[in-house]
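Results of the structural survey
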Amino acid sequence: MAAGRCWNSCLHCFFDYETPKTIVIYSKPVGFIFRLTQFLIIAYVVGYVILVQKGYQETESIISSVSTKVKGYTVTNSSGLGLHVWDVTEYVIPPQGADSFFVLTNMITTTGQRQQACAEVPSPSSICQSDADCTAGHSDVRGNGIQTGVCVDYSESVKTCEVLAWCPHEDDTTVPRPALLESAENFTVLIKNSVRYPKFRFSKRNILSNVTSAYLKGCTYDASHHPHCPIFRLGDMVTHAQEDFGSLAEKGGIIGILIDWSCDLDWPEKYCVPKYSFVRMDNKNPSNNIAPGYNFRFAKYVNNGTETRTLIKGYGIRFDVIVYGTAGKFSLLNTVINLGAALTFLSLVGAVCDWFLVTCTPRKDYYAQQKTSHLDTEESTEAMSMGKTYGTP
Amino acid sequence: MAAGRCWNSCLHCFFDYETPKTIVIYSKPVGFIFRLTQFLIIAYVVGYVILVQKGYQETESIISSVSTKVKGYTVTNSSGLGLHVWDVTEYVIPPQGADSFFVLTNMITTTGQRQQACAEVPSPSSICQSDADCTAGHSDVRGNGIQTGVCVDYSESVKTCEVLAWCPHEDDTTVPRPALLESAENFTVLIKNSVRYPKFRFSKRNILSNVTSAYLKGCTYDASHHPHCPIFRLGDMVTHAQEDFGSLAEKGGIIGILIDWSCDLDWPEKYCVPKYSFVRMDNKNPSNNIAPGYNFRFAKYVNNGTETRTLIKGYGIRFDVIVYGTAGKFSLLNTVINLGAALTFLSLVGAVCDWFLVTCTPRKDYYAQQKTSHLDTEESTEAMSMGKTYGTP
Amino acid sequence: MAAGRCWNSCLHCFFDYETPKTIVIYSKPVGFIFRLTQFLIIAYVVGYVILVQKGYQETESIISSVSTKVKGYTVTNSSGLGLHVWDVTEYVIPPQGADSFFVLTNMITTTGQRQQACAEVPSPSSICQSDADCTAGHSDVRGNGIQTGVCVDYSESVKTCEVLAWCPHEDDTTVPRPALLESAENFTVLIKNSVRYPKFRFSKRNILSNVTSAYLKGCTYDASHHPHCPIFRLGDMVTHAQEDFGSLAEKGGIIGILIDWSCDLDWPEKYCVPKYSFVRMDNKNPSNNIAPGYNFRFAKYVNNGTETRTLIKGYGIRFDVIVYGTAGKFSLLNTVINLGAALTFLSLVGAVCDWFLVTCTPRKDYYAQQKTSHLDTEESTEAMSMGKTYGTP
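Just so it is clear, the structure is predicted and the values come from calculations on it, not from any experiment.

1. Re the interface of chain A and chain B
- Taken together, the contacts link 75 residues of chain A with 87 residues of chain B.
- Counting each side, the surface lost to burial between chain A and chain B is near 7,000 Å², with a carbon and sulfur contribution of 58%.
- The closest approach of N and O atoms between Arg-309 of chain B and Asp-87 of chain A, which form a salt bridge, is 2.5 Å.
- Across the chain A-chain B interface, the total number found is 20 residue pairs in polar contact (both at pLDDT 80 or more).
- In terms of residue count, helix H7 (residues 332-344) of chain A provides more of the side of chain A that touches chain B than any other element does, eight residues in total.
- For strand S1 (residues 16-20) of chain A and strand S2 (residues 22-26) of chain B, the ladder comprises five bridges, and the chain directions are antiparallel. Note on S2 of chain B: the bridge partner recorded for Asp-16 of chain A is Tyr-26 of chain B.

In structure tokens, the structure reads:
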């Protein structure tokens with residue numbers, strides 16, 4: 001019998017279903033408020049969380065590989081070099097076609113540099129009156145070499161400390177204007193980019209599958225007419241970045257080629273296409289800047305007895321291909337989390353309506369009486385009255 | 001007395017506890033539905049949100065540093081170069097051992113190029129009948145130089161416009177087959193990769209701490225037997241990427257070495273190990289492609305009076321080491337958010353069971369009567385009947 | 001009339017408002033528990049989810065562009081090179097100023113290498129007694145070239161297999177100590193970094209707008225006094241990474257320059273500033289390491305009849321500028337999701353208090369009776385008693 005009672009209690013424990021007692025009120029104002037708040041919350045959930053923010057998707061970052069190939073020729077006729085045809089091998093540094101490539105557009109060439117002692121370029125720290133002003137072994141970070149401790153004539157009027165350096169010194173006070181290779185504007189670059197979202201087993205290339213080799217041989221990127229042509233004219237890219245090619249070519253700069261692969265992978269694969277944009281990445285504001293533009297020095301060495309080199313300070317445009325984007329795809333987890341969280345707000349509807357019911361309706365006292373019973377441990381009379389209220393509405 | 005009443009009202013305001021009145025129904029079908037839906041939701045929360053999706057973790061992206069070092073020798077015996085031994089310095093470009101390195105496997109060499117005028121390679125746009133067909137200063141993007149405006153003999157039968165260019169022109173119509181350095185297949189590369197999850201103060205290297213220097217000197221990566229050896233045979237990587245080394249070496253290509261460091265940092269650090277995979281990144285489909293394979297041109301300059309260079313069009317395999325992964329670690333915030341959201345669905349259980357209770361059970365009218373009272377502002381008779389219903393069940 | 005009834009039923013369907021019947025209990029212990037759990041949950045939501053974890057924000061990853069420029073001179077006086085002044089062009093490889101740059105600090109130079117046959121360096125696999133021990137065409141991965149199949153004298157006492165290689169072989173058993181360019185410690189590097197959060201339309205540079213050109217010309221980075229000076233002394237960076245410059249310069253290594261741009265974009269833009277940190281990225285633990293330090297080989301070619309080269313094994317420090325960070329900004333979606341999820345826990349308050357009410361209070365039976373009615377399909381007597389209980393509390 002004890003076992004039977006125990007079994008019975010277990011059954012109750014498992015099968016008992018507890019549900020709140022409710023009252024149903026037919027009232028147009030309350031019903032209207034109820035439906036309105038319900039509608040607003042559901043509209044928000046469906047419209048904003050689901051449609052706008054795609055809260056039902058999980059996302060993944062991109063994996064990308066880029067190769068680039070510049071094409072174009074130009075000819076220069078400068079006093080130093082004479083008539084010279086420039087091809088890719090000479091003006092693209094480094095030549096490998098990586099995701100960041102530099103196109104040489106201007107240069108200051110210092111030929112015949114050799115390791116020897118010569119007078120430093122005049123500056124407040126290098127001008128001297130006698131050997132006492134110079135310190136052997138001292139190296140000024142902003143100078144050109146290591147002082148020998150001797151004060152020598154730089155020109156007829158100025159004496160400077162002698163330095164051991166690659167002499168003659170480079171004179172970079174005047175940059176050729178217009179830029180030597182200003183016609184680099186017409187060069188084109190082919191950008192091949194393949195991306196991958198490993199979690200979604202998705203991979204794609206910026207040369208779309210509906211594009212033919214014949215089209216690729218003739219096209220040039222144009223935001224409105226040829227948005228999927230992977231061949232870009234350098235001048236166009238600089239214009240898109242709202243810069244002037246001429247002045248950029250003179251002093252150098254960094255142009256970012258941004259490729260946005262943000263994709264909604266719940267749609268067919270063909271809608272996932274790259275969007276290109278162009279932006280200047282370096283600071284062109286001269287007021288709080290140091291070493292504006294973009295340049296670097298490199299040398300060509302000549303071995304003929306003593307080691308001699310030609311120093312080139314190359315100015316140009318560095319193009320950084322920056323691939324970014326996140327892909328989204330339906331995920332049960334995210335759907336549940338975002339729906340669940342948003343739906344929690346539906347429980348607010350009851351609270352709002354209850355408040356409206358017992359404060360703003362004409363028959364509020366009646367409703368309050370029907371809805372709520374007051375129990376009171378300390379004052380049993382109230383408990384009684386509650387009992388009464390309830391028994392005889 | 002007013003103060004006392006106010007104080008009393010405040011006490012009520014603070015200590016009043018409102019709780020719904022409930023009815024408990026002992027009914028096997030309803031109880032079963034109730035427990036079943038409860039179980040399903042809890043199983044989903046525990047099983048999917050917690051165990052599968054690790055909803056209790058916060059995640060962080062990886063910071064990585066890679067260095068590579070290729071090893072291997074090969075000998076070639078071509079007509080141009082003669083017997084030549086190739087070492088790393090010659091076939092790895094650039095030599096620094098960065099996360100993207102290029103192994104030269106094939107090449108077209110054009111020796112003795114100098115800046116001069118010569119006949120353009122025949123093409124629809126370069127073939128001419130007389131000087132009138134050529135425009136001085138014109139530069140065809142797909143040509144080899146700047147036209148001088150003169151029409152000259154290219155061969156006995158064909159006349160083309162003369163161009164100022166690095167002459168003689170490169171002839172890249174036939175690529176050496178098989179690839180010159182096909183034996184690059186046997187070269188090995190040591191990849192050193194160290195990663196860091198700054199938020200979790202975690203850092204690790206792909207050379208695991210239980211690996212000895214002796215093992216490293218002899219091992220080669222093998223997915224099944226040596227999955228943590230950081231030395232990779234180039235041929236093996238290409239095979240893993242499901243490509244044929246011979247044809248890849250001929251025309252060039254890009255192979256991605258993906259290192260996946262996705263880790264669950266709630267487990268001991270030793271379970272966080274890199275997983276390698278290999279994939280071809282460039283497009284090998286010839287139908288909608290341009291400049292297939294991977295190659296770039298570079299030159300070796302010789303200064304002897306007039307500037308002369310040797311132009312090399314190098315084909316080869318670029319290996320991109322791509323490190324990715326996200327680490328997850330327990331986070332109270334994420335646990336609460338994901339649990340909270342998932343648990344919201346538990347409140348659906350009540351709705352489901354209530355619907356079942358008042359529509360599908362045999363005694364549904366009785367239950368509905370017990371559970372719900374109807375108030376009706378407009379029709380007081382209904383309110384009366386509700387009262388009655390309630391008072392005498 | 002049927003239409004009227006249908007319309008009436010529709011009205012009810014739309015305007016009926018169902019709300020649970022509740023009882024209000026005035027009990028200090030229960031009320032206290034109720035308010036306490038409510039307070040704890042709200043404190044958690046406000047304090048942790050909102051303030052600490054910024055659960056109301058959405059986040060985005062960074063897009064970054066870096067350029068670097070090293071400055072400094074040093075002089076060396078080695079037996080091979082004689083007195084030699086080093087400038088940036090010579091010790092920074094590659095010269096472009098990318099986000100990863102290498103500063104040469106030590107080197108082993110092998111001059112006059114030519115393609116010829118010579119005795120292999122002695123090792124267990126290269127030592128031979130007769131030609132039978134050598135295999136023509138064999139290339140040992142850890143050797144220096146391709147065996148010719150002949151056994152020749154390496155020294156008076158040792159015979160090794162002859163190899164076709166760049167001879168003479170490099171001897172890298174002793175690395176110059178101290179490092180040849182140990183004074184690279186005093187070189188400085190200017191790092192220009194511009195970042196972008198495209199979703200938030202935010203872009204900024206590490207040269208802050210309140211910094212003047214005059215300040216930039218003289219400053220050096222110092223974590224406490226000049227935290228926003230973009231000019232770094234190499235020695236300082238190595239010290240910050242808790243390494244010794246001398247030993248690092250000797251064998252080489254990789255230093256990561258981490259720039260953290262984590263920003264709360266709900267605050268004014270001026271509070272979003274870069275934080276620099278420095279860390280050694282490669283493994284300096286010699287026990288489970290291979291090829292410790294950082295070095296690579298490169299060659300300078302000389303064309304004078306037969307091709308001759310100077311092979312340089314360069315040791316040095318590679319600096320990797322690693323830019324990371326996530327920006328957060330207010331997002332309605334995230335606010336709702338995180339608030340919603342956290343607030344779900346408020347519904348637990350009722351469950352906790354109900355349990356306390358019917359188990360731990362002195363008048364628990366009375367409360368249980370008032371709160372809960374028992375219906376029982378199988379035993380109608382219980383249903384009756386429930387009815388009774390209810391009618392007459």
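2. A few points about the interface of chain C and chain B
- Facing the 87 residues of chain C at the interface are 73 residues of chain B.
- For the pair chain C and chain B, the two sides together bury roughly 7,000 Å², of which 58% comes from carbon and sulfur.
- If you sort the residues of chain C by the area they bury against chain B, Tyr-26, Ile-290 and Leu-375 of chain C come out on top, with a joint share of 10%.
- Our enumeration of links across chain C and chain B arrives at 20 residue pairs in polar contact (both at pLDDT 80 or more).
- With nine residues, the single largest contributor to the side of chain C that touches chain B is helix H2 (residues 28-52) of chain C.
- Classifying every residue of the side of chain C that touches chain B by side-chain character gives 44 nonpolar, 26 polar and 17 charged.

3. What to know about the sheet that holds strand S3 (residues 57-61) of chain A
All names here are of chain A.
- Across the sheet, three strands lie side by side as S3-S19-S15; this open sheet has mixed pairing. Pairing within the sheet leaves two strands with one partner each, and these edge strands are S3 and strand S15 (263-264).
- As judged from the two bridges shared by S15 and strand S19 (residues 326-330), these two strands associate in the parallel manner. Bridge pairing links Cys-263 to Ala-327 in S19.

4. Some points on the side chain of Glu-243 of chain B
All names here are of chain B.
- Assignment of secondary structure puts Glu-243 in the loop between helix H5 (234-240) and helix H6 (245-251).
- A polar contact of 3.1 Å, which involves the side chain of Glu-243, links it to the side chain of Arg-280.
- Beyond its immediate sequence surroundings of up to four residues, Glu-243 is in contact with Val-238, Arg-280 and Lys-284.

5. With respect to unusual backbone geometry
- In this model, Cys-167 of chain B is joined to Pro-168 of chain B through a cis peptide bond whose omega is 0 degrees.
- Within the element layout of this structure, Pro-168 of chain B appears in the loop between strand S10 (159-167) and strand S11 (188-197).
- Cis geometry marks the peptide bond from Ile-93 of chain C to Pro-94 of chain C, where omega comes out at -10 degrees.
- Of note, Arg-201 of chain A is a non-glycine position whose phi angle comes to about 50 degrees, a positive value.
- Structurally, Arg-201 of chain A is set in the loop between strand S11 (188-197) and strand S12 (202-205).
- Judged by its relative accessible area of 81%, Arg-201 of chain A is exposed.
- Positive phi values are uncommon outside glycine, yet Gln-242 of chain C reaches one of about 60 degrees.
- Gln-242 of chain C gets classed as exposed once you look at its relative accessible area, which sits at 69%.

6. What about H2 of chain C?
Residue and element names in this part refer to chain C.
- Spanning 25 residues, H2 covers 33 Å between terminal C-alpha atoms, matching the ideal 36 Å at 1.5 Å per step.
- Three or more residues of H2 are buried, namely Val-30, Gly-31, Phe-34, Thr-37, Ile-41, Val-45, Val-49 and Ile-50.
- Phi turns positive, to about 50 degrees, at Lys-54, one or two residues after H2.

7. Structural notes on the state of the cysteines
- Following the criterion strictly, the structure yields 15 disulfides over all chains and no others.
- Through a disulfide, Cys-128 of chain B is tied to Cys-151 of chain B; the S-S separation comes to 1.9 Å. A torsion of 95 degrees about the S-S bond marks the disulfide between Cys-128 of chain B and Cys-151 of chain B as right-handed. Of this pair, Cys-128 of chain B sits in the loop between strand S8 (100-119) and strand S9 (146-153) while Cys-151 of chain B sits in strand S9, and the two are 23 residues apart along the sequence. Of the two residues examined, Cys-128 of chain B and Cys-151 of chain B, each falls in the buried class.
- For chain A, the disulfide bridges join cysteines in the arrangement 1-6, 2-4, 3-5, 7-8, 9-10, where the cysteines are counted in sequence order.
- Here Cys-10 of chain A is not disulfide-linked; the sulfur of Cys-6 of chain A is the nearest cysteine sulfur, at 4.8 Å.
- The exposure class assigned to Cys-10 of chain A is partly exposed, which follows from its relative accessible area of 43%.
- Cys-360 of chain A supplies the cysteine sulfur nearest to Cys-353 of chain A, a cysteine that is in no disulfide, at a spacing of 11 Å.
- Owing to a relative accessible area of 0%, Cys-353 of chain A belongs among the buried residues under this scheme.

Criteria and cut-off values
- Residues numbered from 1 in each chain as written.
- Chains lettered and ligands numbered in written order.
- Predicted model: local features only at pLDDT ≥ 70, side-chain atom pairs only at ≥ 80, totals over all residues.
- Heavy atoms only, no water.
- Contact = heavy atoms within 4.5 Å.
- Buried area = accessible area lost by both parts, 1.4 Å probe.
- Salt bridge = Lys/Arg side-chain N within 4 Å of Asp/Glu carboxyl O.
- Polar contact = N/O pair within 3.5 Å; in protein donor to acceptor, adjacent residues only side chain to side chain.
- Helix = DSSP H or I, 4+ residues; strand = E, 2+ residues; numbered from the N terminus.
- Pairing = 2+ DSSP bridges.
- Nonpolar A, V, L, I, M, F, W, Y, C, P; charged D, E, K, R; others polar.
- Buried < 20%, exposed > 50% of the residue type's maximum accessible area, 1.4 Å probe, protein only.
- Expected span 1.5 Å × (residues − 1).
- Disulfide = S-S within 2.5 Å.

Read these as layout, nothing more, since geometry by itself doesn't imply function.
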